[in-house]
Amino acid sequence: MSNTTNSLSKLALQKFKKNFWGVFSFYFVVIIGVVSVFAYVFAPDNSQNANQMHLSIHSKKPGFKTSLLTLPSEIENEQGVLDKLFFGEIATKTEIPITEYTIDKQTIHYTEYASDGLEGLKKTISINANILPQTLVSEKTFYLGTDKYGRDLLSRVLVGARISFFIGFVAVFISLVIGLFMGSLAGYFGGVVDSVIMWVINVTWSIPTLLLVIAITLVLGKGFWQVFIAVGLTMWVEVARVVRGQIIGAKELQYVTAAKALGFGHFRIITKHILPNIMAPVIVICAANFAAAILIESGLSFLGIGSQPPMASWGAMIKDHYNYIILGKPYLAIIPGLCIMTLVMAFMLIGNALRDALDVKS
């Protein structure tokens, strides 16, 4: 039996490898996953939530360059290395966009950046003797431009990938655990248990997904993890229905009858014998649920009840800048929209490839 299972798994893997778009999407998702985990390593602005604001350079086009004067702070940053790596650095220094500057010993004379052809304020600041003034001025390029608050758009996109990516895993995990449990009970035992669980499934399914997520979010409160839980609690019904249908057909097969004759308990029969043989359609559904979870979270963030400011989220970025589409700067909303589209499409292509690979008839 184990040799047969292994050979079927290898056959499915070989079929998956032959699907170009499935393999391409898989590696694309892996790259997005790495970027999500180490977002603050790749982001030019590694402050927490990439929230370093420069209002004087708001809504600048991609490729915009300017000089930044970084003023040191007396506040000591006591963050650990891992804390900075995964959660960003607490911003204690002040960055000032400038157009020109001169250095006279330990004194810097500079002109602040002013947009729309205006002349910025001219200021002077004295630097401590143990700091070289030249080290405080640097050139910075905003490769995707800046948002309406003057934040680096590229950094916000990279950090925002973390929410969209991880909500898929958390939501699918929650839906998989609940769906497998409820579907297994309904399909295996039948009778009253099946009727009660199917009533719960039908009631849950009859409520619009977005409305149900909004209701759960309002009960749990607005926040990062609340959205993850709310989305997961609304996606289990499809998993449960598929598992129930698969188990109803599988429990009448000979290997289940043999397991019962050997005296195995219900829990072992379900987990060790039935579930491993019906996971193919469940895996395909999980891939589709990844995409659905990303879209739901983006919709919630757009409505303002998802991740809360200043946390970066692709949906929230679209909400903040959708009116710029008619103001001549559509890229502020189009860039995060394209990110959502490509990630959702990648998961859908993986789901299609898995469906073809796990199809025993092909």
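Residues numbered from 1 in each chain as written. Predicted model: local features only at pLDDT ≥ 70, side-chain atom pairs only at ≥ 80, totals over all residues. Heavy atoms only, no water.

1. So, the overall build of the protein
Item 1. Assigned secondary structure in the protein consists of 14 helices and five strands.
Item 2. Since a compact globule built from 362 residues should have a radius of gyration of about 21 Å, the 27 Å found for the protein marks it as more spread out than a globular shape.
Item 3. For the C-alpha atoms alone, the extent of the protein along its principal axes is close to 90 × 40 × 40 Å.
Item 4. The buried share among the 362 residues of the protein stands at 42%.
Item 5. Here the contacts in the protein between residues at least 6 apart in sequence split such that 72% fall between residues at least 24 apart.
Item 6. In the form shown here, the protein has an accessible surface area of approximately 19500 Å², with 65% of it arising from carbon and sulfur atoms.
Item 7. Here the protein carries 28 positive and 22 negative side-chain charges, and the mean point of each set is 13 Å from the other. (Helix = DSSP H or I, 4+ residues; strand = E, 2+ residues; numbered from the N terminus. Rg over C-alpha atoms; globule rule 2.2 N^0.38 Å. Buried < 20%, exposed > 50% of the residue type's maximum accessible area, 1.4 Å probe, protein only. Contact = heavy atoms within 4.5 Å. Areas by Shrake-Rupley, 256 points an atom, 1.4 Å probe, with all protein chains shown as cover. Lys, Arg positive; Asp, Glu negative; His and termini not counted. Charge placed at Lys NZ, Arg CZ, Asp CG, Glu CD.)

2. What about unusual backbone geometry?
Item 1. Omega for the peptide link from Pro309 to Pro310 comes to 5°, which places this bond in the cis form.
Item 2. Positioned with a positive phi, Ser59 is a non-glycine residue whose angle comes to about 55°.
Item 3. Turning to its location among the elements, Ser59 is positioned in the loop between helix H3 (39-42) and strand S1 (64-71).
Item 4. Residue Ser59 is classed as buried on the basis of its relative accessible area, which comes to 2%.
Item 5. At Lys105, a position not held by glycine, the phi torsion is positive, near 60°.
Item 6. Residue position: Lys105 is located in the loop between strand S2 (94-104) and strand S3 (107-112).

3. Things to note about the pattern of salt bridges
Item 1. This structure, assessed with the given rule, holds five salt bridges.
Item 2. Linking Glu119 and Lys122 is a salt bridge whose minimum nitrogen-to-oxygen distance equals 3.9 Å.
Item 3. Classification of Glu119 as exposed rests on a relative accessible area of 65%.
Item 4. The exposed category is assigned to Lys122, whose relative accessible area is 60%.
Item 5. A salt bridge links Asp194 to Arg244; the shortest N-O distance between them is 2.7 Å. Highlighted residues: Asp194 in helix H6 (residues 191-206) and Arg244 in helix H9 (residues 236-250), separated in sequence by 50 residues. (Salt bridge = Lys/Arg side-chain N within 4 Å of Asp/Glu carboxyl O.)

4. Structural notes on the packing of aromatic side chains
Item 1. As enumerated under the stated definition, the model contains 13 aromatic pairs in all.
Item 2. Among the aromatic residues, those joined into a cluster by ring pairs are Phe165, Phe166, Phe169, Phe290 and Phe347.
Item 3. Geometry around Trp205 places Arg241 over its ring, the cationic atom sitting 5.0 Å from the centre. (Phe/Tyr/Trp six-rings, centres within 6.5 Å; stacked < 30°, edge-to-face > 60°. Lys NZ or Arg CZ within 6 Å of the ring centre and 35° of its normal.)

5. Brief notes about the pairing of S3
Item 1. For S3, the buried fraction is high: five of the six residues fall into the buried class.
Item 2. When S2 meets S3, the two strands line up antiparallel, connected through six bridges. If you follow Tyr101 over to S3, its bridge partner there is Tyr110.
Item 3. Hairpin connection from S2 to S3: two residues lie between these consecutive antiparallel strands, with Lys105 at a positive phi of about 60°. (Pairing = 2+ DSSP bridges.)

6. A closer look at the nonpolar core
Item 1. Core analysis: the largest hydrophobic core is formed by 39 residues, its most contacted members being Val243, Ile274, Trp314 and Phe347.
Item 2. Among the elements of the structure, helix H2 (20-37), helix H5 (153-189), H9, helix H10 (254-261), helix H11 (266-274), helix H12 (279-303), helix H13 (314-321) and helix H14 (331-357) are those that each provide at least two residues to this core.
Item 3. The element contributing the most residues to this core is H14, with ten residues.
Item 4. Discounting chain neighbours no more than four positions away, the residues touching Val243 are Gly179, Leu180, Gly183, Ser184, Leu275, Ile278 and Val282.
Item 5. Ile163, Val213, Leu300 and Ile305 belong to the second-largest nonpolar core, a separate cluster that totals 15 residues. (Core = buried A, V, L, I, M, F, W, Y, C linked by side-chain atoms within 4.5 Å.)

7. Examining the packing of H12 against H13
Two quantities define a packed helix pair, namely the angle between the axes and the distance from one axis to the other.
Item 1. Close contact between H12 and H13 brings their axes to 7 Å; oriented N to C, the two are set at 40°. The pairing of H12 with H13 is recorded here as oblique in orientation. In terms of crossing hand, the pair formed by H12 and H13 is right-handed. Listed contacts from H13 to Ser298, Ser301 and Phe302 of H12 are Gly315, Ala316, Ile318 and Lys319.
Item 2. Class assignment for the residues of the contact of H12 with H13 results in three nonpolar, three polar and one charged. (Axes fitted to C-alpha atoms, helices over the stretch in contact; angles between N-to-C directions. Parallel < 35°, antiparallel > 145°, perpendicular 65-115°, else oblique. Left-handed = near helix turned anticlockwise from the far one by under 90°. Nonpolar A, V, L, I, M, F, W, Y, C, P; charged D, E, K, R; others polar.)

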